[in-house]
Amino acid sequence: MKKHRALLAILAMLLLVGMLGACAAPAAPAAATDAPAAAAKTDAATDGTYPVIRMAYTRIFATDSEAKIEAALNEIMRKEAGAEIDLVPVDFSSMNTQFNLMLTGGEDSIDIFSSFWYMPMSTLYANGQLAPLNDLLASDGQGILDLFSDVPGVLECAQIGGQYYGLPSYGPYSSPMIYIVKEGSSKAANIDWSTVKTLDDVTTALIAMKDANPDKYYVPGATQTYWIPKDIDYLGDTNYLGVLTDPLNSTQVVNYYESDYFLNLLDNVKTWVDHGIINPDAMSNTNPTLMSVQFGITEGTPGYCWDLNEWIYEANLQQTYGDNMVGTQLGDALITTGNATTYLWHITSFCQNKEAAMRVLKVFYTNAEAANLLGNGIEGENYVVDDKGYVRFPEGKDMTNCGWTGLGASYNLPNSSGCPVWYYQPDNMWQMMADSNKAAKNSLALGFTFDSSPVADQITACSNVIAQYYLPLINGEVNIDEVLPVFQQALRDAGIEQVIAEKQAQLDAWLAAK
């Protein structure tokens, strides 16, 4: 049962956010190539040894093929990077503990890692754990930055004080809000999702579906939030301690928890509670949003993804939820610093050969064969290619027992654009991603990174207040009219106004310097 739930958890993560970097057609723009590289710089000693770069990768299940994949990668790395790679597994279940140990500079330290699912770049920078990359990019990473020529603002998001401390994965950089639901519930209420454009519209649809399906629920109250406001710019701060609620027109940093945006959300929550739309016992439900749908706790959920139609295509082809899914996009598709820094790759400050580490990263950004090995593994062992050219798991295998990460060449890679397509992905998905970047709108604060150190104590105090009040409020577990003013005052007492003022001052200075 635990294994089954873990599999569902991975499917949920892949479907909702994993598509941000999912593998796509090899003919895509800016794709990595298999063309022979120019002779790599080499630090190899005269006896033929190479510097060994330790690179962390995340896994859920056993990775029995690691040695073979590492050997295949090293044939490429010795030739193109003048280095070898040592793949270091990090188990998802103990990620924070393992990374905390690996990022101390000791014998078990790593050289390259992705901060996705772990810690924001600003925190890693403040901890002194990241190497500056500007000089390394010039000397050993030529060509990496060229991949981002169409989205220069995204590169700014990986800088602090004009210095790169991370490199973004190459993919889509907007994640518009969506609401998705099982088609059966929608049809029972005759919902036309093309007319649903706002949260208030969603609530009208939810009431209709609840009336048609009285024993079903449509918002997954849980110990994990169902609402991440991608239609505003929260400036990379997932506690929302100072946000831009109108990021296309204004750079005024406001108190999210006293904004019209948040108050409107809570007005809708009240309606959901009155109509029985949120599942019972919300604070006992520990499932992420999509797992609540998979386990039948709810029929639908708010969420976000880079393209609603592509999300529905994958979900319906895989029948992950036991029914087709339908839904709508809410608000604009925005490119913000928070979105752009979701998937960052770093070289650690205690790496002993940073030049070699940059050359290894360059290979993963520019060599499709290496990207495919890292993502999909060994053909015939970890995956097969069917007669239509699509990637599948070998017969009798799935992500739990295929011998590699099971995640595929996906969001966890620097550049997966040259990899073969999985059977459930549209042939033109990479072009769809490129098009989504062109269609998305840049926040006025795209590229701004907040230095939280001047108000660290206030942020800690505010975070504790949010941990106490936020989920009970949005889950409708408390009387909102009574508890909201208490919550707002507790944030003021904890110092949210000082945080907002500091954030505004830094943003104003950043804008003036542009």
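One can find the structure itself at the top, above this paragraph.
The structure reproduced in this document is the subject of the present report. Owing to the predicted nature of the structure, the values given are computational and were not obtained by experimental measurement.

### Quick word on the sheet that holds strand β8 (residues 300-304)
Thinking step 1. Within the open sheet, the three strands sit side by side as β8-β7-β9. Their pairing is antiparallel. Whereas interior strands pair on both sides, the edge strands pair on one side only; in this sheet they are β8 and β9 (325-330). Direction aside, the axes of adjacent strands within the sheet are offset by 25 degrees on average.
Thinking step 2. With six bridges connecting them, strand β7 (residues 177-182) and β9 associate as antiparallel partners. The residue of β9 that forms the bridge with Tyr179 is Thr328.
Thinking step 3. Each of β7 and β9 is contacted by helix α8 (residues 199-212), which is oriented at about 10 degrees to β7, the strand it contacts most.

### Structural notes on α8
Thinking step 1. The end-to-end C-alpha distance of α8 is 20 Å, a good match for the 20 Å that 14 residues give at a rise of 1.5 Å each.
Thinking step 2. Of the positions making up α8, those classed as buried are Leu199, Val202, Thr203, Ala205, Leu206, Ile207, Met209 and Lys210.
Thinking step 3. Those residues of α8 hidden inside the fold are in contact with β7, α7 (183-188), α9 (260-274) and β9.

### Looking at the pattern of salt bridges
Thinking step 1. In total, this model carries 12 salt bridges according to the counting rule given.
Thinking step 2. The shortest N-O distance in the salt bridge between Arg54 and Asp86 comes to 3.2 Å. Here the residue Arg54 occupies a position in strand β1 (residues 52-59), and Asp86 occupies one in strand β2 (residues 84-91), the gap between them amounting to 32 residues.
Thinking step 3. Of the charged contacts in the structure, one is a salt bridge between Arg78 and Glu84, with a shortest N-O distance of 2.7 Å.
Thinking step 4. Note on Glu84: relative accessible area 21%, which makes it partly exposed.
Thinking step 5. Linked through salt bridges whose partners overlap, the residues forming this network are Asp267, Lys270 and Asp481.

### A word on the nonpolar core
Thinking step 1. By size, the foremost hydrophobic cluster in this structure holds 74 residues, and its most contacted members are Phe99, Ile112, Phe148, Ile347, Val360 and Phe364.
Thinking step 2. Broken down by element, this core gets its largest block of residues, eight residues, from helix α13 (residues 354-366).
Thinking step 3. Leaving out residues up to four positions away in the same chain, Val360 has contacts with Ile53, Met77, Ala81, Ala83, Ile85 and Ile112.
Thinking step 4. With 63 residues, the next largest nonpolar core counts Ile191, Leu244, Ile277 and Ile278 among its residues.

### Section: the packing of aromatic side chains
Aromatic rings in a pair are described by how distant their centres are and how their planes are angled relative to each other.
Thinking step 1. Within this structure, the stated rule accounts for 24 aromatic pairs.
Thinking step 2. Put simply, the rings of Tyr234, Tyr240, Tyr256, Tyr257, Tyr261, Phe262, Tyr469, Tyr470 and Phe487 pair up and form one aromatic cluster.
Thinking step 3. Here the guanidinium or amino end of Lys210 rests over the ring plane of Tyr217, the centre of that ring lying 4.1 Å away.
Thinking step 4. For the cation-ring pair, Lys230 lies above Tyr304, with the distance from its terminal atom to the ring centre recorded as 4.7 Å.

### Here we look at the layout of surface pockets
Thinking step 1. A volume near 410 Å³ is recorded for the second largest pocket.
Thinking step 2. Taken together, 20 residues line the second largest pocket, and the ones lying closest to its centre are Gln159, Ile160, Gly161, Thr449 and Phe450.
Thinking step 3. Contributing elements (two or more residues each) for the lining of the second largest pocket: α4 (121-126), β4 (159-160) and α18 (496-513).
Thinking step 4. In terms of residue count, α4 provides more of the lining of the second largest pocket than any other element does, four residues in total.
Thinking step 5. A class-by-class count of the residues in the lining of the second largest pocket yields seven nonpolar, 11 polar and two charged.

### Structural notes on the packing of α13 against helix α14 (residues 368-376)
Thinking step 1. Contact pair α13 / α14: the axes reach a minimum separation of 6 Å and the direction vectors enclose 95 degrees. Between α13 and α14, the angle is such that the two are roughly perpendicular. Seen from α13, the contacting residues are Val363, Phe364 and Thr366; seen from α14, they are Ala368, Ala370, Ala371 and Leu374.
Thinking step 2. Counted by class, the contact of α13 with α14 contains six nonpolar, one polar and no charged residues.

### Notes on empty space enclosed by the protein
Thinking step 1. For the structure on display, the rule yields three cavities of 30 Å³ or more.
Thinking step 2. For the largest cavity, the calculated volume is near 170 Å³.
Thinking step 3. The biggest single contributor to the lining of the largest cavity is β1, with four residues.
Thinking step 4. In terms of residue class, the lining of the largest cavity is built from 11 nonpolar, three polar and no charged.

The rules behind these values
- Residues numbered from 1 in each chain as written.
- Predicted model: local features only at pLDDT ≥ 70, side-chain atom pairs only at ≥ 80, totals over all residues.
- Heavy atoms only, no water.
- Pairing = 2+ DSSP bridges.
- Helix = DSSP H or I, 4+ residues; strand = E, 2+ residues; numbered from the N terminus.
- Axes fitted to C-alpha atoms, helices over the stretch in contact; angles between N-to-C directions.
- Contact = heavy atoms within 4.5 Å.
- Expected span 1.5 Å × (residues − 1).
- Buried < 20%, exposed > 50% of the residue type's maximum accessible area, 1.4 Å probe, protein only.
- Salt bridge = Lys/Arg side-chain N within 4 Å of Asp/Glu carboxyl O.
- Core = buried A, V, L, I, M, F, W, Y, C linked by side-chain atoms within 4.5 Å.
- Phe/Tyr/Trp six-rings, centres within 6.5 Å; stacked < 30°, edge-to-face > 60°.
- Lys NZ or Arg CZ within 6 Å of the ring centre and 35° of its normal.
- 1 Å grid on protein atoms, 1.4 Å probe; cavity = no way out; pocket = protein on both sides within 12 Å on 5 of 7 lines; lining within 4 Å.
- Points joined across faces, edges and corners; volume = space filled by probe spheres on them.
- Nonpolar A, V, L, I, M, F, W, Y, C, P; charged D, E, K, R; others polar.
- Parallel < 35°, antiparallel > 145°, perpendicular 65-115°, else oblique.

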